[in-house]
Structures are given as C-alpha cells and as structure tokens.
There are 2 protein chains.
Amino acid sequence: MTISEENYIKVIYHLSLVSPKGVNTNAIAGMLDTKASSVTDMMKKLSDKDLVTYQKYQGVTLTDKGLHSAKMIVRKHRLWEVFLVDKLGFSWDEVHEIAEELEHIKSEQLINKLDAFLGFPVADPHGDPIPDAKGIIKKIEKQLLSEVEINASFHCVGVKDSSTDFLKYLDKQKIALGSVVKVIDKEDFDDTLTVEIDGKRLTISNKIANNLYVQ
Amino acid sequence: MTISEENYIKVIYHLSLVSPKGVNTNAIAGMLDTKASSVTDMMKKLSDKDLVTYQKYQGVTLTDKGLHSAKMIVRKHRLWEVFLVDKLGFSWDEVHEIAEELEHIKSEQLINKLDAFLGFPVADPHGDPIPDAKGIIKKIEKQLLSEVEINASFHCVGVKDSSTDFLKYLDKQKIALGSVVKVIDKEDFDDTLTVEIDGKRLTISNKIANNLYVQ
DNA sequence: TTTTATTTTTAGTTTTGTCTAAATTTAATT
DNA sequence: AATTAAATTTAGACAAAACTAAAAATAAAA
C-alpha cells in the first residue's frame, strides 16, 4: 500500500463514521485537497485491491480489509501523537502534522513495541481512542460540554475540533484533559456558559462548549 | 526534497567517504538497486537544485548544501536507531530497515527533541557517529581488531559491516559494544586470532576481526 | 415532469521516477 | 595508436498519481 492509498483509506474511514452508507467522491476530494476526478481514479484502484466497495455514482464504503487497514493507520497516528506529547514534550497542537508522516511507517513490530513503551494508552492527546493491535476500539463515554446538565461536575476527556486555534485557546484558559469542569449557569439567549474549571470561574461561548468532551 | 532524492544524496555521501574526488554513476546505481540511466537522470535534477556538482562522465560530488542535507539524513537515521534499540528494545540487527523509513520524516524540531530525549548520543547502536544539529561529527578514535597489537586490552566500539549475519554472529558469541577484548595470539598462516572477550577465550577468523572496531 | 444544477466520471495530459535499448565517451589492452 | 571493453549518457517509453475539460448521471427545482 502506497502512502497515497493509505491517505485515501484513512479519509474514507473518518468520513464513514459520519456517513456510513457511502462516502461521496467530493467529500473525499475535499478532505485530501485534490480533485474529484483523482478520487474516482483512486477508487478504482482501491476497489481492485479489495479495500473499498465502489459502484459508480453510488459512493464508497470500506471492505473488512479496508476497515482494518484504516484502523491500523489511525492506531499508528494516535500512538505517535502520544509519543510526541508524552515523551518528546510537544504540545497537543503541534503533533498532528508530524503524526501524518509517522503513520505511514510500515513495521507492525515497531508499532506494537511503541504501544508497549507508551504503556498501552487508550486515547491520544486529544482524547481520541486508540485502536488496539486487533483493531478494537474501546469506546470512550463522553458528552459535549454544551449538552450537560447544570451544576454537575465532569472532567475533560477530549476535544471534537482539534484545530490549532481551538487547542491554543484551551491552553490559554488552562483547560487540559483531566481538568474538572462544572457548569454554573447557561444563558438562554446564546447558550453562553458560566463554568468553573479547576476551581476557576470562566465564561465560554457555545461554540467552545460544543467542541469539548466531558465525562 | 523527495524521499528518492534524499536516498540518492545519502548514498552519494556514503560513497564520498571512500572516493572523495567523485562518485561513479554505477556505484550509486549499485547501492540503490537501480539502473545507471536512472542515476544520470537524477544527477541532473540534484545538480539543478544545487545539491551535487555533476559533469557528464566525471562523477559527482556533494555541494556544501548537499553535504549538509546528507548529514541531516544520517543524523536522523542514527538517532532513530538509538531510539529503536534503547527505548523500544529492538536488537541491533533489526533496526536498519525501519530507520531507512524514519530518516525521511521531515520535522527538524522532532529530530532535535528526539536527540534530547535520547540524551544526545554520539554513536548509534553499531558504533557509527551521529552528526549533531549543526552537522558536526565527533570523530570516534578506533582501530580494527585485526590491526591491533597482541596482549593489549581494548573495548569494542563499533562494527564495520553491520549486516544481519555478522551482528547475529556477535550476539551468539556475546560480543557487544563495550565488551573488553584482548588479543592473546595471532596465527601467522591465516591471521586467525585467539582473543579473550569479557574474560572468555575465543577463536575468531580474520574476516571477523576485520569488521570489529576497538579502542 | 421537464429543466436546471450538481455531482461524478471519462478522456486525454503532465510530472516524477523508473526502465530498455541504442549511442557516446572514457578507460584498458593489444 | 588502434582496437576492444567498460562505463555513461541519450532517447523514447511506461506506471503512478495527479490535473483539466468535456461528457454523463443523479439530484433538485420549476
């Protein structure tokens, strides 16, 4: 499998989580910053390799084989992210791009040894679950902060949007995975929240609350 | 720089150490398992990018820019090898191929953080020196075991040939970097050595002694 | 249900890195 | 110095992965 093929498989996997009955050509093109025609070409190739089920104009889904490949790529990506943050001291907004390269390193032995070295983590630095060596993903129970009842206490377990801007905002507000969050009040007009994070009172917009997972 | 270009630069670097006045097209082709005509094509491209000095039929040398690139690739390769052995528990005969992939990961910050994480090692698991962030290579004083005087004590600091077969032989004989070696006797006929390694007496061929560096 | 708009595919090119086969240059030998 | 051998380069072709522009299919709107 080439790096390009792996990138397509990975994108189809992520899009499948949202549209499980078939992923659009244009959606794939958008994610990979390429043209629809290139996607069509690649779908034929991946279909020949039995990684996707593809019928003209009908969108694509991953085969079992494709799904497993995708999970292994995601596994590698997220394990490398843990390595970069926990061992090398990168911050969580710096690791995505590097992990995009590292996820294509081939050795299975490497990734399993890395997994052990890191202590078999179940989530990456953004709270996303890490598939195990068999591809099994332990579901992390979580809710968006925007949907949680008032006056109950939670702690941060992940982010939905992991863009640099959002992560840097969280850093600035000293919000990290593990932080204890309690919703004090919710403004009816625009859903702005007053929260207490690690004991400190803070006002956050609905957009922020809608991108933060708590448990 | 593409992966392919990096591989060419690296090979030219290694060959330059042996033939500093110009590296042959065929030699490069041999190392990269490709054809001479492909090498010629690539030399034009690398020359356009000011990475090599190339004149038809006259062989190639690295420019300053090319030399620096080469050293950074070697640096990455060797640091990753240290990581694989010291942190992940690979044996020294397993790491070369994986490092061949890892050496192409782009981030400079990554490699400098890795360097720090590993404690700024000066040599890789085979005893080869690791260029620092500026490309400076600390020369390791060493002699081949085959060229050392009788009855003096040394310790192993590296291997010349790092093929799997040779490394596995050393493992079997419990010879590792750091082992204390003393030449007890040398057979005039075929230069076979009787040595004492970590206190244990052993007979080794000239071919072995000729691939083991001591200090 | 037509018509229009959108999405997707096809057809034909381009670029990168490779190849084969032929031509050319350099090196070695008689 | 002429001839042969070896190394190197050129010319032309191919596969992978992308592109553009045009055609075809599906979906949305009138």
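Under an unreviewed UniProt entry, the name given to chain A is Transcriptional regulator MntR, and the organism recorded is Flavobacterium cucumis. Annotation of chain A in UniProt includes, under Subunit (unreviewed entry), the sentence "Homodimer." Regarding chain A, the UniProt comment filed under Function (unreviewed entry) reads as follows: "In the presence of manganese, represses expression of mntH and mntS. Up-regulates expression of mntP."

K.L.:
So what's going on with the overall build of chain A? Residues and values would help.
P.N.:
Broken down by element type, chain A carries 8 helices and 8 strands. Considering only intrachain contacts with a sequence separation of at least 6, the fraction spanning at least 24 residues in chain A is 60%. Carbon and sulfur atoms make up 49% of the accessible area of chain A, which totals about 11,300 Å². For chain A, the centre of its 28 positive side-chain charges and the centre of its 33 negative side-chain charges are spaced 4 Å apart.

K.L.:
Please give an account of the protein's contact with DNA strand C that cites residues and values.
P.N.:
As a structural note, the neighbourhood of DNA strand C is formed by 20 residues, with A:Lys44, A:Tyr54, B:Thr34, B:Ser38 and B:Lys45 the closest of them. In the interface set of DNA strand C, defined as its atoms within 4 Å of the protein, sugar plus phosphate atoms amount to 78%. Looking at the surface near DNA strand C residue by residue, the classes come out as 5 nonpolar, 10 polar and 5 charged.

K.L.:
Residues and numbers for the relation of the copies chain B and chain A, please.
P.N.:
Relative to chain A, chain B is turned by 180° and slid 0.0 Å along the rotation axis, the superposed coordinates differing by an RMSD of 0.0 Å. As the rotation angle and translation indicate, the two copies are arranged about a two-fold axis. The rotation axis passes nearest to the C-alpha of B:Leu102 in chain B, at a distance of 3.8 Å. Interface residue correspondence from chain B to chain A reaches 100%, placing this contact among same-surface, isologous pairings.

Rules of the game
- Residues numbered from 1 in each chain as written.
- Chains lettered and ligands numbered in written order.
- Predicted model: local features only at pLDDT ≥ 70, side-chain atom pairs only at ≥ 80, totals over all residues.
- Heavy atoms only, no water.
- UniProt positions renumbered as here; feature names shortened; annotations may be inferred.
- Helix = DSSP H or I, 4+ residues; strand = E, 2+ residues; numbered from the N terminus.
- Contact = heavy atoms within 4.5 Å.
- Areas by Shrake-Rupley, 256 points an atom, 1.4 Å probe, with all protein chains shown as cover.
- Lys, Arg positive; Asp, Glu negative; His and termini not counted.
- Charge placed at Lys NZ, Arg CZ, Asp CG, Glu CD.
- Near = heavy atom within 4 Å.
- Nonpolar A, V, L, I, M, F, W, Y, C, P; charged D, E, K, R; others polar.
- Least-squares fit on C-alpha atoms with pLDDT ≥ 70 in both.

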